[in-house]
Amino acid sequence: MGVSREPAATEAPEAAAVRPTGPGDSFGRYLQDARIRKQISLKQVAEETRIRVAILEAIEREDVAHLPPDVFTVGFLKAYAQAVGADGSEAVQRYLALRRLRPQTAETEPSPDPGRRSVPKKLLFALAMLAVLIAACLWAYRQWQPVPGATIPVASPLAEAPAAAPPESPAVQPPSEAARNPATPPGTKHLLTIAAHENSWVKVVIDQGTASEHKLKAGDRLKLEAQTGFNLLIGNVGGVKLSLDNQPVTIPGKRGEVVNIHLP
């Protein structure tokens, strides 16, 4: 079981001016403006959300290359928005809209340089065939070269044939492993139970598949099955209890802390 916690980090004081937000602003500027209006530092946001300052800075810069996968970034955006009094759904929608635009820009390839001359495919094919022919000739030459000092054995006409061995009784073979041990049934699935005693939210990735988000209220109980394991992002680790295969799971963390955990 691997647990990754998001410790708080120090941050230099900010002296940025408040910028007015609008529908065309990006998710990073939207959250940053909300934070500056409330006069909240990144260090305070990190202490409240348990998200590293480096990730918070990457969110404000919209540095997608230094952000975790989308399933975790969406949770971080909601936690950030809640800490600064912004709309988490609005921040997530702006982030997803930017993610849809970035791949299209990356896939655009530059036009070929007219000054460069490409090698004709026929020439490349001819060179490849020539290399194969040379390799075949070298192999055939080595096969026909006589080995120095090698002699061909000649059977002597006076050599006596070896006496026939007496017939042996068939040996009794021991039973095979397959006969002694019948095929074992395939492994059973893992059962994960999440019981909430406080309001919380959980993002779950089952068997490296599609992520799902669950909002839990006090008294709710969620049961999930997986073949290999679970990847969880828990919004309020102190408000839930986990049980894997009917065994309790201990998670280090405090009330209101965001924790990422891998099971089993």
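Bear in mind that the values here come from a model prediction, so they are computed numbers and not experimental data. (Residues numbered from 1 in each chain as written. Predicted model: local features only at pLDDT ≥ 70, side-chain atom pairs only at ≥ 80, totals over all residues. Heavy atoms only, no water.)

Caption draft 1: Structural view of a nonpolar patch on the surface. Where nonpolar side chains cluster on the molecular surface, the patch consists of Leu130, Leu133, Ile134 and Leu138 and spans about 380 Å² of accessible area. Relative to the elements of secondary structure, Leu138 occurs in helix α6 (residues 121–144). (Patch = residues over 30% accessible without salt bridge, like charges linked within 9 Å, V, L, I, M, F, W, Y side chains within 5 Å. Areas by Shrake-Rupley, 256 points an atom, 1.4 Å probe, with all protein chains shown as cover. Salt bridge = Lys/Arg side-chain N within 4 Å of Asp/Glu carboxyl O. Helix = DSSP H or I, 4+ residues; strand = E, 2+ residues; numbered from the N terminus.)

Caption draft 2: Just the packing of helix α2 (residues 42–49) against helix α4 (residues 70–84), in detail. Closest axis-to-axis distance for the α2/α4 pair is 10 Å, and the angle between their directions is 115°. The handedness of the crossing between α2 and α4 comes out as right-handed. Counted together, Leu42, Val45, Glu48 and Thr49 of α2 and Ala79, Tyr80, Ala83 and Val84 of α4 form the full contact between these two elements. Considering only residue class, the contact of α2 with α4 consists of six nonpolar, one polar and one charged. (Axes fitted to C-alpha atoms, helices over the stretch in contact; angles between N-to-C directions. Left-handed = near helix turned anticlockwise from the far one by under 90°. Contact = heavy atoms within 4.5 Å. Nonpolar A, V, L, I, M, F, W, Y, C, P; charged D, E, K, R; others polar.)

Caption draft 3: Region of interest: the sheet that holds strand β7 (residues 240–244). Within the open sheet, the four strands sit side by side as β5-β2-β7-β8. Their pairing is antiparallel. Where the open sheet ends on each side, the last strands, each with one partner, are β5 (221–226) and β8 (247–249). Each neighbouring strand pair of the sheet contributes to a mean axis angle of 25°, computed without reference to strand direction. In this sheet, β8 lies alongside β7 in antiparallel orientation, the contact comprising three bridges. Within β8, the residue paired with Leu244 across the bridge is Gln247. (Pairing = 2+ DSSP bridges.)

Caption draft 4: Representation of the environment of Thr49 in the model. Along the chain, the position of Thr49 falls in helix α2. Along the chain, Thr49 and Tyr80 lie 31 residues apart, while their C-alpha atoms are 6.9 Å from each other. Setting aside chain neighbours within four positions, we find Thr49 in contact with Ala79, Tyr80, Ala83 and Val258. In this structure the side chain of Thr49 is engaged in a polar contact, spanning 2.7 Å, whose partner is the backbone oxygen of Val45. (Polar contact = N/O pair within 3.5 Å; in protein donor to acceptor, adjacent residues only side chain to side chain.)

Caption draft 5: Highlighting the packing of helix α1 (residues 27–37) against α4. Across the interface, α1 lies against α4 with an axial gap of 9 Å and an inter-helix angle of 25°. With respect to α4, the element α1 is oriented roughly parallel. Relative to α4, α1 is oriented so that their crossing is left-handed. Of α4, the residues touching α1 (which contributes Phe27, Leu31, Gln32, Ala34 and Arg35) are Leu77, Tyr80, Ala81 and Val84. (Parallel < 35°, antiparallel > 145°, perpendicular 65-115°, else oblique.)

Caption draft 6: Local environment of the pattern of salt bridges. Per the counting criterion, the structure on display carries seven salt bridges. Glu90 is the partner of Arg94 in a salt bridge, and the nearest nitrogen-oxygen pair spans 2.7 Å. With Arg94 and Glu90 both in helix α5 (residues 88–107), this residue pair falls four residues apart, about one helical turn. Overlapping salt bridges, with partners in common, bring together Lys78, Lys203 and Glu213 in one network.

Caption draft 7: Structural view of the pairing of β7. Within β7, four of the five residues are buried, leaving the element largely enclosed by the surrounding structure. Relative to β7, strand β2 (residues 190–196) is paired through five bridges, and the arrangement is antiparallel. Paired with Leu192 across the two strands is Leu244, which belongs to β7. The antiparallel hairpin formed by β7 and β8 contains two residues in its connecting segment, where Asp245 sits at a positive phi of about 55°. (Buried < 20%, exposed > 50% of the residue type's maximum accessible area, 1.4 Å probe, protein only.)

Caption draft 8: Quick peek at the packing of aromatic side chains. One pass over the structure, following the stated rule, counts one aromatic pair. Ring geometry for Phe27 and Tyr95: centres 5.2 Å apart, planes at 85°, overall edge-to-face. Taken together, the residues span a long stretch of sequence, with Phe27 in helix α1 and Tyr95 in helix α5 at a distance of 68 residues. Exposure remark for Phe27: the relative accessible area of 0% places this residue in the buried category. (Phe/Tyr/Trp six-rings, centres within 6.5 Å; stacked < 30°, edge-to-face > 60°.)

Caption draft 9: Inspection of the nonpolar core at higher detail. Core analysis: the biggest nonpolar cluster contains 34 residues, and Leu31, Ile59 and Phe76 have the highest contact counts within it. Put simply, the parts of the chain that give this core at least two residues each are α1, α2, α3 (53–61), α4, α5 and β3 (200–206). For this core, the element with the highest residue contribution is α4, accounting for 10 residues. Core analysis: the second largest hydrophobic core is formed by 21 residues, Leu216, Ile234, Leu242 and Val249 among them. (Core = buried A, V, L, I, M, F, W, Y, C linked by side-chain atoms within 4.5 Å.)

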